[in-house]
Amino acid sequence: MEQYDRLYELYETVDTETVRAYQELVDLFPPLRSTVGLSQWESARTELDERKSAIAERYSEPYAELAAHLTREEAFTALDLYSKYDRTVNVLVLDVDETLRSAGDTDNEIPRPTLHLLTEFHERGIPIVVCTGQTLENVKGFMIQGLGNDIVESGSLSVVYETGNAVFTPNHGTDTKRLLYEGLDRVIVETFDDVRGRVLSEAPDAVRRGCHLQGNEFNVTIKPNAEVGSERAVAVIDEAIRYFCGLVGEALADAVDADVADPALLARTHFANDPEIARVLDEGDVARDGDPASAPEPFTDALERLDVGYYEGDAAELVSLELDKPTGVREALDVLGIEDPFGLAMGDSKSDLRVMEWLAETDRGIAAAPEHASETVLDHVNDRDELVYAAGEANTVLRIVYGMELLAALDGV
C-alpha cells in the first residue's frame, strides 16, 4: 500500500510528462555532428538530469526512473503485476512478425523505441529469446540490423526459429545450434518431404502463381507474393489453406502406407478444430465433415502430431507439434542456463499461445499480445493480465516490465 500511495503522489505532484519527453529525446535522438544539434541534445540531457535528481531527492532513484519512462497507467499496471506475482521478469520471449513489428503499422521494421528498450534489457542482464516462424538467416539479418552484432553475438540472445524446429544461441560452443527436427521419426519426416515437393507443383493455379515456398530448413511454409495483409494476400492464403490441409492428409497417408479413404477430407476435418481454419474452409464451401475414427490408427496417431498454421494474409504452414515453440523455448532456456524462468511472452498467433499457456501452467511468466492477435490469444491474455497493446506499440508492455524491475528495487529502499 505504501508503494501505491507513493506512486500516486509522484504522478499527482510531478510533471512526469515533461520528464518522459526529455528522456525520449535523449534516448532516441542521439547527439548530431552539428554544433547546434549537439548543443540542443546536451541542453536536454542537462534538464533531464536536473529533473530526475529532484525526484530522486524527494522519493528515490527508482521513482525518478519510473517517472522518466512510464506513464501513470503503465506504472500502476507494473505495480499490480509485481504485487500479483512477487517477482520480476528474467527473460523475454518475443515473437517478431505482427508482434514487435507490423507490416501495416511499422512498415515491417521494429520501431526505434522498442529496439532501445531491448538494448536496455540486455544491458541489465535480461536474456532475450526471439521465437519466430521465420528462417534463421532472416532473423539474424534484422536482429543484427536492429540491435547490433555485439548483442546478437553476446551469448545472452537465443533464436528459436521455424516455430521450434531449431535453436540458435551464438557463443555457446557445441550448443550454439540445436537441430531439434533431426530427432523426428520417419513418418513425420517423409510427410514433410512429400508436402514440400508437391505443395506448389500440384497447387491450384491461383495458389501456384500467387505464392512462393519459404526457404526453411524443415517446416513447409507458403507465403503470398502480394503484400502481406493486403486483400490479394488474404484471398490467396485462404485458397492455399483449403488446398494445403488436404495435401497434408494425402502425404501422410502415403507415409504410413495404409489404406485411408479420402485422407484429404479427414485432414481438413482434423485441422478445422482451429476455428479460423474452419471459417476459411466453410467460406470456400470445402467439406470438413469426415470421420477420423474411420481411419487406420497409424494415420490418426500421426495426424495428431501435425499441425497446420493459418496466418491471415501472411502464410499457411505445416509444423510438427513435437517441435513447437514451447519445445524450442525450453531448449533455449537450457542453453542460456536459466533454471527458474519467469518470462514475458509476446505474440499474436496460435504457436505463440502455446508458449503463453506453458508459462501460465507452470507459473513461469506473463503474456502480452497486440490488439490484432488471434481471438484465442486475446482471450488468454485478457483472462490473465490484460496486457493488450496497439499495433506497433510493443514498447508499452516492455516499459511495464521495466517498471516491475524498478519497483522491485524499491523493496530494499
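Up top is the structure.
As the structure is a prediction and not an experimental result, all values here were calculated from the model. What you see as residue numbers is a count from 1 along each chain, following the sequence as written. For a predicted model such as this one, the threshold for reporting local features is a pLDDT of at least 70, and the threshold for listing and counting side-chain atom pairs is 80 or more; totals across whole chains, interfaces and linings nevertheless cover every residue. Note that water and hydrogens are dropped before the side-chain values are worked out from all heavy atoms of the structure.

Overview of helix α11 (residues 231–256)
Going along the chain from the N terminus, every DSSP run of H or I of four or more residues is numbered as a helix, and every run of E of two or more is numbered as a strand. Take the number of residues in a helix, subtract one, and multiply by 1.5 Å to get its expected span. For α11, spanning 26 residues, the distance from its first C-alpha to its last is 38 Å, which sits close to the expected 38 Å at 1.5 Å a residue. Burial classification: accessible surface area is computed with a 1.4 Å probe over protein chains only, and a residue below 20% of its type maximum counts as buried, one above 50% as exposed, and the rest as partly exposed. Of all 26 residues that make up α11, 19 are buried, and the element is covered over most of its length.

Observations concerning unusual backbone geometry
Here the phi dihedral of E162 falls at roughly 50°; this positive angle occurs in a residue that is not glycine. On the secondary structure map, E162 appears in the loop between β3 (157–161) and β4 (166–168). Classification of E162 by relative accessible area gives buried; the value is 1%. Although it is not a glycine, N171 sits at a positive phi angle of roughly 65°. As for its position among the elements, N171 is in the loop between β4 and β5 (177–179). You can call N171 exposed: its relative accessible area is 55%.

Some thoughts on the nonpolar core
Grouping buried Ala, Val, Leu, Ile, Met, Phe, Trp, Tyr and Cys residues that are joined through side-chain atoms within 4.5 Å yields what is termed a nonpolar core. Ranked by internal contacts, the top residues of the largest apolar core, which has 136 residues, are L92, F244, L344 and I366. Every residue pair with non-hydrogen atoms within 4.5 Å of one another is taken to be in contact. The residues touching L344, leaving out its near neighbours within four places in the chain, are V89, V91, L92, V93, L94, I366, A368, V397, L398 and V401.

Here's the deal with the sheet that holds β4
The strands making up a sheet associate through backbone hydrogen bonding, with each pair oriented either parallel or antiparallel. A strand pair is defined by DSSP finding two or more bridges across the two strands. Reading across from one edge, β5-β4-β3-β2-β1-β10-β11-β12 is the order of the 8 strands in this open sheet, with mixed pairing throughout. The open sheet terminates on both sides in strands that have one partner only, identified here as β5 and β12 (388–389). Pairing between strand β11 (residues 365–370) and β12: 2 bridges, direction parallel. Opposite A369, over in β12, you have V388 as the bridge partner. Note on geometry: axes are C-alpha line fits, over the in-contact stretch for helices, and angles between N-to-C directions span 0 to 180 degrees. In the packing of helix α17 (residues 375–384) onto the sheet, contacts are made with β11 and β12, and the angle to β11 comes to roughly 130°.

Quick notes on the sheet that holds strand β9 (residues 315–320)
With respect to topology, 4 strands assemble into an open sheet ordered β6-β7-β9-β8, the strand pairing being antiparallel. Every other strand in the sheet has two partners, leaving β6 (211–213) and β8 (306–311) as the edge strands with one partner each. This sheet shows a mean twist of 20° between the axes of neighbouring strands, independent of strand direction. Looking at chain direction, β8 and β9 are connected through 6 bridges and run antiparallel. Within β9, the residue paired with V308 across the bridge is L318.

Notes on the packing of aromatic side chains
Put simply, two rings from Phe, Tyr or Trp (the six-membered ring, in Trp's case) pair if the centres are within 6.5 Å, and we call them stacked under 30 degrees between planes, edge-to-face over 60, tilted for the rest. This structure, assessed with the given rule, holds 6 aromatic pairs. Note on Y85 and F342: the rings are 5.4 Å apart at their centroids and 55° apart in plane angle, and the pair reads as tilted. Of this pair, Y85 sits in helix α5 (residues 72–85) while F342 is found in the loop between α15 (325–336) and β10 (343–346), placing the two residues 257 residues apart along the sequence. The same class applies to Y85 as to F342, namely buried. Ring centres of F121 and Y402 lie 6.4 Å apart, and the angle between their planes is 85°; on these two criteria the pair is classed as edge-to-face.

These results come straight from atomic positions and should not be treated as a statement about function.
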